[in-house]
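Descriptive structure summary
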Amino acid sequence: MSLLNVNRLTRRARVGVRRRNHFYGWNVVGAMFFGMFLVMGTRNGFGVFVDNWEREWGVTTGQISVAAAIGWIINGFSQPILGMIVDKYGGKVVVVVSMVVLGIAYLLLAFIDSVLMLAVLFGGVISFFAGGVSPGTSGAVITRWFQRERGKAMSVVAAGGSLGGLVMVPFLTQLMLATSWQTAWVVSGILVLALGLPASILVLRNQPDDMGLLPDGEARAKGAQASADQRSRSQAMMRGGPLGAEGWTEAFKSWPMWQLSIGYFVCGITTASISTHFVRWAISEDVSQANAAWAFGILMGINAGGVVLIGLLSDIFQRHFLLAAVYLVRGVAFTTLVIFPGEMAMWAFTIIGGASWLATVPLTTGLTADVYGVRNVGTLGGLINFSHQMGGGAAVLIFGLTFDHYGTYDPAFIGGAVCLLIAGFVILTIKETKYSVRYAQAAASAS
């Protein structure tokens, strides 16, 4: 055999080894990343249309805030419902159906001409099915595919939402300024149906068992004892820590569920208010609509790096310490909106807030799975996300009414900063080493 043929065979063998070593769970991460990129990226662009709708329909910021608030509340109700479906039937059917409905609804959004129609289509239909491509649904899928690298995998998916904001918000703004807001929504619908839907159908799988695989790409062990050890670890992942139970209702008898829900309620207050009102606030501070959209996009871009870093750290350090730090840093960001003027405040918030924006997602989902297991993580994650959206819905409305009444968002921003301070201290009180399966397994291994 010639030397050339030997080299070719060697290269093929190396490629074969790489293919065998590739864990399909990362394909699932990629599909969920792309879904979050399109759906959350577009949803975060809602705020760029507010000023145009005000002028075209002759309405106020507060009136549009009612439609947006309805959307956050409806999205909150959808989370536990869709989470239960994920736990029972798997995440793929939920994501695929949601992509179909969202794509069509985005197209129809181009034909609305009133706040009432906005409330029905965006606040009702779009917001409900956006729950099918959300951190809660993604977390329920990803936690089944990963345990040791759960933080990293979840952070990559969450970064999809951040990068979606970085790309989609400025893109939709520029498209709207160049054409019309209707065109921007038509293009969004086409992107979801032409790109997001096929990726979900072709790539997504519900859990590693469906493909004869184990979480984290672990090879199936040979021998009775090794197999028993693997079964034990798998059962521990399903069950979670000492608080894990067969029924999801049991979780509400323990403090961590309430602590995580309180933190996420505040997270909803602060993310929903900014995603809806940031551009409108900037315009009130004599910042151009285009510059404000770019600033929000850059905020999301900074967060993409921050959320991946926090995910990697969460696989090493206690997650509740990192989560508390995220809330406290975001509190500092809200303070800058009050103490600095105009563009200085906008860029200070962009940098500081960007470091903490979606970093709550992998930490909260990871903690939920660690404490209560993955058996009911779709339902529990949905309920925690429900609290997030309730906080968001209330904040969107209150921030809008505050601006209508005072002509400034400052009182609302101060309230957001105080809430974030409280959330940080609540999360610090979680007894992670006592309740998390990560530390229970470590203790068992040490003994």
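Residues numbered from 1 in each chain as written. Predicted model: local features only at pLDDT ≥ 70, side-chain atom pairs only at ≥ 80, totals over all residues. Heavy atoms only, no water.

Right, let's get into the overall build of the protein chain. Within the protein chain, the regular secondary structure consists of 19 helices and zero strands. By the burial criterion, 55% of the 447 residues in the protein chain qualify as buried. Contacts in the protein chain between residues far apart in sequence, at least 24 positions, make up 85% of those at least 6 positions apart. (Helix = DSSP H or I, 4+ residues; strand = E, 2+ residues; numbered from the N terminus. Buried < 20%, exposed > 50% of the residue type's maximum accessible area, 1.4 Å probe, protein only. Contact = heavy atoms within 4.5 Å.)

Inspection of the entire model under this criterion finds 28 aromatic pairs. A centroid spacing of 5.9 Å and a plane angle of 80 degrees characterise the contact between Phe349 and Trp357, whose relative ring orientation is edge-to-face. Note on Phe349: relative accessible area 0%, which makes it buried. Taking the relative accessible area as the measure of exposure, Trp357 reaches 2% and is therefore buried. Aromatic rings pair up to connect Phe278, Trp281, Phe296, Phe334, Phe349, Trp357, Phe399, Phe403, Tyr409 and Phe413 into one cluster. Just above the ring of Trp357 sits the side chain of Arg330; from NZ or CZ to the centre is 5.1 Å. (Phe/Tyr/Trp six-rings, centres within 6.5 Å; stacked < 30°, edge-to-face > 60°. Lys NZ or Arg CZ within 6 Å of the ring centre and 35° of its normal.)

Turning our eyes to something else, we now look at unusual backbone geometry. Phi is positive for Asp216, close to 65 degrees, though the residue is something other than glycine. With respect to the helices and strands, the residue Asp216 is situated in the loop between α9 (181-203) and α10 (224-239). Its identity is not glycine, yet Asp286 carries a phi of approximately 65 degrees, on the positive side. For Asp286, the position within the fold is in the loop between α11 (255-284) and α12 (289-314).

Tallied over the entire structure, the rule returns nine salt bridges. Residue Arg438 pairs with Glu432 through a salt bridge whose shortest N-O separation is 3.5 Å. Taken as a pair, Arg438 and Glu432 share a single burial class, namely buried. Salt bridges linked by common partners bring Arg150, Asp315, Arg319 and Asp370 together as one network. (Salt bridge = Lys/Arg side-chain N within 4 Å of Asp/Glu carboxyl O.)

We now examine the confidence of the model for the protein chain. Confidence in the prediction for the protein chain averages 87 pLDDT; 89% of positions are at 70 or higher. No element of the protein chain has a lower mean pLDDT than helix α1 (residues 3-21), at 46, and none a higher one than helix α17 (residues 410-428), at 97. (pLDDT = per-residue confidence, 0-100.)

Before going further, it helps to spend a moment on the packing of helix α13 (residues 319-339) against helix α14 (residues 342-354). Axis separation between α13 and α14 bottoms out at 8 Å; the angle between their running directions is 175 degrees. Viewed along their axes, α13 and α14 adopt a mutual orientation that is roughly antiparallel. Residues Val329, Val332, Ala333, Phe334, Thr336 and Leu337 of α13 form the contact with α14, whose own contacting residues are Ala345, Ala348, Phe349, Ile352 and Gly353. Tallied by class, residues from the contact of α13 with α14 come to nine nonpolar, two polar and no charged. (Axes fitted to C-alpha atoms, helices over the stretch in contact; angles between N-to-C directions. Parallel < 35°, antiparallel > 145°, perpendicular 65-115°, else oblique. Nonpolar A, V, L, I, M, F, W, Y, C, P; charged D, E, K, R; others polar.)

What follows covers the packing of helix α8 (residues 150-178) against α12. Where α8 contacts α12, the two axes come as close as 7 Å, and the packing angle between them is 170 degrees. Taken together, the axes of α8 and α12 are roughly antiparallel relative to one another. Classifying every residue of the contact of α8 with α12 gives 18 nonpolar, 13 polar and one charged.

This part takes up α9. A rise of 1.5 Å per residue sets the reference length of α9, with its 23 residues, at 33 Å; its end C-alpha atoms lie 32 Å apart and thus fit the reference within 8%. Buried within α9 are the following residues: Trp181, Ala184, Trp185, Ser188, Gly189, Val192, Gly196, Leu197, Ala199 and Ser200. (Expected span 1.5 Å × (residues − 1).)

On to the side chain of His277, then. Among the secondary structure elements, His277 is positioned in helix α11. His277 gets classed as buried once you look at its relative accessible area, which sits at 3%. One polar contact links His277 to Tyr409, side chain to side chain, over a distance of 3.0 Å. (Polar contact = N/O pair within 3.5 Å; in protein donor to acceptor, adjacent residues only side chain to side chain.)

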